[in-house]
Each structure stands twice: as structure tokens, then as C-alpha cells.
Amino acid sequence: MRLYYFTTQQYGLVALQNRRLKIARISDLNDPFELLGWNLRDRETREKLRRWKSERNDEFGILCMSDKWSHPLLWGHYAEKHKGMALGFDVPESDVFLKVNYCRRRVPAPTGRKLVERDLDSLLLSKFTAWKYETEYRCFCSLNDSIRDGEHYFEPFSDTLKLKEVVVGDQATISRQGLADALGAFGDGIASFKARPAFGSFRVVRNRDSRLWK
């Protein structure tokens, strides 16, 4: 399946040059309810889950992607207000990238029984329904198995993270040649085009006028 990684122009070009994606740390995610989707009115449960989240932050990071690039909020929030880009990857339809579930209410915390797989899924993959526009898929990456560069961790492009498409934002300043230089020989077979706001709907679409991207 094709999934899209939204980023700024600057970091998108670095990702293309280095053939790797930056892994988001759990503690840096923009949703304070991440991995805390249970109802936590009980103080003991709340403290346990916060410790559990902190421990997971030390072990794992997340690659967050969307199964579409046409939603304007994705560009506004994650691609530098349409100045960035969306990198399209072909990934296997397996349990590597997991689909996020959106819910209106927090899930009751399990009590009086051992935790099962669905309990873990409810923590790792539940978000408030207001985030539904993201149509998010996420991959949990072991930090020990990832590339470390300073304080950051990266996942390299591979057969299971195969770059196939680069969608350049409407307000991006990168030229065709600049993108080609970032891709280098790796660019063979990679589709690239510039986006624009649609004329008749609230969507972002492909700009078919190639003269507008020099």
C-alpha cells in the first residue's frame, strides 16, 4: 500500500539525500493523549500508565504516515503550511504499519484480569476522533535497531519502506533540478510533481500545468 510522510522542505530534502526518515519520539508527539487512551480517573492506574508510556519512550519511536496526501490540514499542520512535501512510500500490507483507530470516548481501563493484545492495541493505536482527518498508519521502531545521529533516530529506506513518489507543496520553493539533485541516481523511477489547492473542492490536487514548476 502507498503511505505518505509529510515534512518540511528542508528536512524532506535531507531525508531524500540521506535515504532515511526521522523517527518521532513518543514524548515529542503533538497529542498529549498518545498511549494514554484509557479512562484514567483512577489515580493508581493513571500513575502506572504514565510510567509505562515513559518506558516505551525509551524503547520505541514511531513513523507516522497517512494513506492520502490530498487533505489540506495535513499540508497545513505537517508540511510547513504547504511549503513542504509529502514523500510516498510503498510498504507491505502486514502488521508493520498499523492503522490508527479513532474514538469519541476514552476506553475503560481493564480491571480484574490479565491484559490481552487488544488492550495493548487500544493504547498504541487509539486517538480522539478529531484527528480522523490524518487517516494515520504508524510503525513502531525499536530505537536499538535504528540509526542514531546525535539525539535523533532514523529509519533507512528499504524494500519495506520503498520511496515511489514525491509530492511538492504548492508554496514550496524547491526547483525540479533541486529535487533531482537531492534524489541523485536514486531518483530513477520516482514520480514527482507539484500540488495545488483544487479549484472546485477543499482538496489538494496535482498541478497539471508543468510550466508552473521550473
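A brief report on the enclosed structure follows. The model shown is predicted, which means the values in this text are computed figures rather than measured ones.

Locating R203 in the fold gives a position in the loop between β13 (191-197) and β14 (204-206). Contacts of R203, omitting those with residues within four sequence positions, involve S70, P72, R196, P197 and A198.

Let's shift gears to the packing of helix α1 (residues 9-18) against helix α5 (residues 176-183). Two elements in contact, α1 and α5, have axes whose closest approach is 7 Å; the angle formed by their N-to-C orientations is 40 degrees. Of the possible angle classes, the one that applies to α1 and α5 is oblique. On α5, the residues that touch L13, L16 and Q17 of α1 are L179, A182 and L183. Split by residue class, the contact of α1 with α5 holds 5 nonpolar, 1 polar and no charged.

Right, let's talk about the nonpolar core for a bit. Counting residues in each nonpolar core, the largest one holds 31 residues, and the members touching the most others are L16, L21, L63, L87, F89, F97 and L179. If you list the elements that add at least two residues to this core, you get β1 (2-7), α1, β4 (60-66), β5 (85-90), β9 (136-142), β12 (162-168) and α5. Residues contacting L87, with those up to four places away along its chain left out, are L3, Y4, Y5, A15, L16, L21, L163, E165 and V166.

Quantified by volume, the largest pocket comes out at close to 920 Å³. Looking at the largest pocket, it is lined by 35 residues, and the ones nearest its centre are Y5, F6, K22, A24 and Y78. When residues of the lining of the largest pocket are traced back to their parent elements, those giving at least two are β1, α1, β2 (20-22), β3 (24-25), β4, α3 (72-78), β9 and β11 (152-156). For the lining of the largest pocket, the leading source of residues is β4, giving 5 residues. A breakdown of the residues in the lining of the largest pocket according to their chemical character gives 18 nonpolar, 7 polar and 10 charged. Lining the second largest pocket are 17 residues, with W38, T45, K48, P110 and L115 sitting closest to its centre. Those elements giving two or more residues to the lining of the second largest pocket turn out to be α2 (43-59) and α4 (117-124).

Attention now moves to the sheet that holds strand β10 (residues 147-149). Reading across from one edge, β2-β11-β10 is the order of the 3 strands in this open sheet, with antiparallel pairing throughout. The two strands at the open ends of the sheet, each matched to only one other strand, are β2 and β10. Within this sheet the neighbouring strands show an average axis-to-axis angle of 35 degrees, counted without direction. Judged from the 3 bridges that link them, β2 and β11 form a sheet pairing that is antiparallel. Among the inter-strand pairings, L21 is bridged to a residue of β11, identified as E155.

Applying the stated rule across the entire model yields 14 salt bridges. With a closest N to O distance of 3.3 Å, E44 and K48 form a salt bridge. In this pair, E44 and K48 are both assigned in helix α2, 4 residues apart and thus about one turn of the helix distant. Its salt-bridge partner being E136, residue R138 comes within 3.0 Å of it at the nearest N-O pair. No difference in accessibility class separates R138 from E136, as the two residues are buried. When salt bridges that share partners are traced, they join E34, K127, E134, E136 and R138 into one network.

The rules we used
- Residues numbered from 1 in each chain as written.
- Predicted model: local features only at pLDDT ≥ 70, side-chain atom pairs only at ≥ 80, totals over all residues.
- Heavy atoms only, no water.
- Helix = DSSP H or I, 4+ residues; strand = E, 2+ residues; numbered from the N terminus.
- Contact = heavy atoms within 4.5 Å.
- Axes fitted to C-alpha atoms, helices over the stretch in contact; angles between N-to-C directions.
- Parallel < 35°, antiparallel > 145°, perpendicular 65-115°, else oblique.
- Nonpolar A, V, L, I, M, F, W, Y, C, P; charged D, E, K, R; others polar.
- Core = buried A, V, L, I, M, F, W, Y, C linked by side-chain atoms within 4.5 Å.
- Buried < 20%, exposed > 50% of the residue type's maximum accessible area, 1.4 Å probe, protein only.
- 1 Å grid on protein atoms, 1.4 Å probe; cavity = no way out; pocket = protein on both sides within 12 Å on 5 of 7 lines; lining within 4 Å.
- Points joined across faces, edges and corners; volume = space filled by probe spheres on them.
- Pairing = 2+ DSSP bridges.
- Salt bridge = Lys/Arg side-chain N within 4 Å of Asp/Glu carboxyl O.

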